[in-house]
Amino acid sequence: MTTFRSTSMLLRQAQARVLVVGSGRMGHIRTKALYGNPRIQLCGIVDTNIEQAKSLSELYRTPLFASLEEAISSTATTQLPLDGVVISTPTPTHESLIIEAAQNNLSIFTEKPVDETAHNTSSLFQTCNNQNVNLCCGYQRRFDSSYQALFHQVNSGAIGTPLAASIFFGDHPVPSRQFLLQGGANIISDCSAHDVDFIRWVLQDEVVSVYAVGTSSDDELREKNVIDNATMLLKFSRGTNVTLTLSRGANYGYDQRCEVFGTEGMATVNNIAENSSELANESGLHRPKWQHSFPQRFEAAFAQEMDAFADTLLGGTPWPIKEEDCVEVQRVCDAALESCETSQVVHL
Ligand SMILES: NC(=O)c1ccc[n+]([C@@H]2O[C@H](COP(=O)([O-])OP(=O)(O)OC[C@H]3O[C@@H](n4cnc5c(N)ncnc54)[C@H](O)[C@@H]3O)[C@@H](O)[C@H]2O)c1
């Protein structure tokens, strides 16, 4: 991947100047990580909902803007223009924000997915290539030490030839009934992308076919055709079979596990508990729940991800997740949705 944005100029620069767009769940996580990184200067927060964003901008003593345009024009008048932007807004808004940032020569970090379709994802990479700016998509498993260890175990040959993988994505907390009944985000499009990206990376291989089935956890959801649990079966070109099971409701904590089984052994990523205590008594052994949700489980990985963005901005380090990764992940998710609707295997 080509790395853009006047790298030679930035090599001499100690801090990259970065703006966060979106002050919701991910915006809070990104702002905290950027603020705490000595190689980044947090230059402001943009949110269309100014009232909601005020407390975040006050907490990190950074300016607040109502639009990306306003932020760019305000910082352009200073001697130190922006280097990059972190887009943490809802997925349907990514396209226009990416185009606007690229047209203003800003390198971009965007939350996953870049866009909801493979076609648009490709065209946004094209726009950024044409403007000579980086488009870096966030798939934080690649920056998490447990998932990285599994990658190295599999790719060093420690488990021999991978034959199968079993992945579980149990979301926590369970979304509100109102969110689910209104359709919410489809569980496959919303929750499968991280693990599809990760397992493609681990296996260094491509998915050739997808079969997916969904189910509803109670009658009300079934009547409204709301799928809150799904299983995908992915067949890879070198023969590895992967099951990815997704659920909206792991009531015992955020449950994220991955096992890769091979001819010489098995590599596993397990969950992390809220703390390491254990109570033993006559009714058994009692341990705390798993960590609450993604902000806790991936806190360190999110910080690493922002540090890697600093590497790209300041040192020209290529972003590890490339256009073909983002496009392929989207194709697999689209195929799973199609399979779920048609009950057919979808060949890629
Ligand atoms: N990496 C992960 O684990 C992870 C987890 C959750 C969400 N996400 C992704 O992060 C993105 C944001 O999700 P979220 O849950 O933080 O959303 P959110 O709804 O909590 O926050 C979104 C914020 O963006 C603001 N906003 C909306 N449109 C805007 C615009 N055009 N310009 C400026 N601000 C705007 C909203 O006012 C809101 O404050 C999504 O793409 C989602 O897929 C990633």
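Structural notes, computed from the coordinates. All of these numbers come straight from a predicted model, not from anything done at the bench. (Residues numbered from 1 in each chain as written. Predicted model: local features only at pLDDT ≥ 70, side-chain atom pairs only at ≥ 80, totals over all residues. Heavy atoms only, no water.)

1. Structural notes on the overall build of the protein
- For the protein, the helix and strand inventory stands at 14 helices and 15 strands.
- Rg of the C-alpha trace for the protein: 21 Å, near the compact-globule value of 20 Å for 348 residues, within the 12% margin.
- Dimensions of the protein along its principal axes, counting C-alpha atoms only, are 65 × 45 × 40 Å.
- Counting every position in the protein, which comprises 348 residues, the buried fraction comes to 49%. (Helix = DSSP H or I, 4+ residues; strand = E, 2+ residues; numbered from the N terminus. Rg over C-alpha atoms; globule rule 2.2 N^0.38 Å. Buried < 20%, exposed > 50% of the residue type's maximum accessible area, 1.4 Å probe, protein only.)

2. Thoughts on the site of the ligand
- Around the ligand, a shell composed of 22 residues is seen, among which Arg-25, Met-26, Asp-47, Gln-52 and Thr-91 lie nearest.
- A distance of 2.7 Å separates an oxygen atom of the ligand from a polar side-chain atom of Gln-52.
- Between an oxygen atom of the ligand and a main-chain N or O atom of Lys-112, the distance comes to 3.0 Å.
- Across the complex, the protein chains shield 81% of the 860 Å² of accessible surface that the ligand would expose by itself.
- Residue classes in the shell around the ligand are distributed as five nonpolar, 13 polar and four charged. (Near = heavy atom within 4 Å. Polar contact = N/O pair within 3.5 Å; in protein donor to acceptor, adjacent residues only side chain to side chain. Areas by Shrake-Rupley, 256 points an atom, 1.4 Å probe, with all protein chains shown as cover. Nonpolar A, V, L, I, M, F, W, Y, C, P; charged D, E, K, R; others polar.)

3. Digging into the sheet that holds strand 2 (residues 40-46)
- Strand order in the open sheet made by the six strands is 3-2-1-4-5-6, with parallel pairing throughout. A single partner strand is all that each edge strand has here, and the edge strands are strand 3 (64-65) and strand 6 (135-138).
- Note that strand 2 and strand 3 share two bridges and pair parallel. The residue of strand 3 that forms the bridge with Ile-45 is Leu-64. (Pairing = 2+ DSSP bridges.)

4. Here we look at the side chain of Gln-256
- With respect to the helices and strands, the residue Gln-256 is situated in strand 11 (residues 255-262).
- Within the structure, Gln-256 has its side chain in polar contact with the side chain of Arg-141 (distance 2.5 Å).
- Beyond its immediate stretch of four places on either side in the chain, Gln-256 contacts Arg-141, Tyr-147, Phe-168, Phe-169, Gly-170, Val-269, Asn-270 and Asn-271. (Contact = heavy atoms within 4.5 Å.)

5. Observations concerning the nonpolar core
- Membership of the largest hydrophobic core comes to 93 residues, with the highest contact counts inside it found for Val-85, Ile-108, Leu-150, Ile-199, Met-232, Leu-246 and Val-260.
- Considering every element that reaches this core, the biggest residue donor is helix 13 (residues 299-315), with eight residues.
- Built from parts of two domains, this core gets at least three residues from each of domain 1 (7-139 + 300-317) and domain 2 (145-296 + 329-347).
- When residues no more than four places from it in sequence are discounted, the contact partners of Ile-199 are Ala-165, Ile-167, Phe-236, Val-242 and Val-260. (Core = buried A, V, L, I, M, F, W, Y, C linked by side-chain atoms within 4.5 Å. Domains from an automatic or database assignment.)

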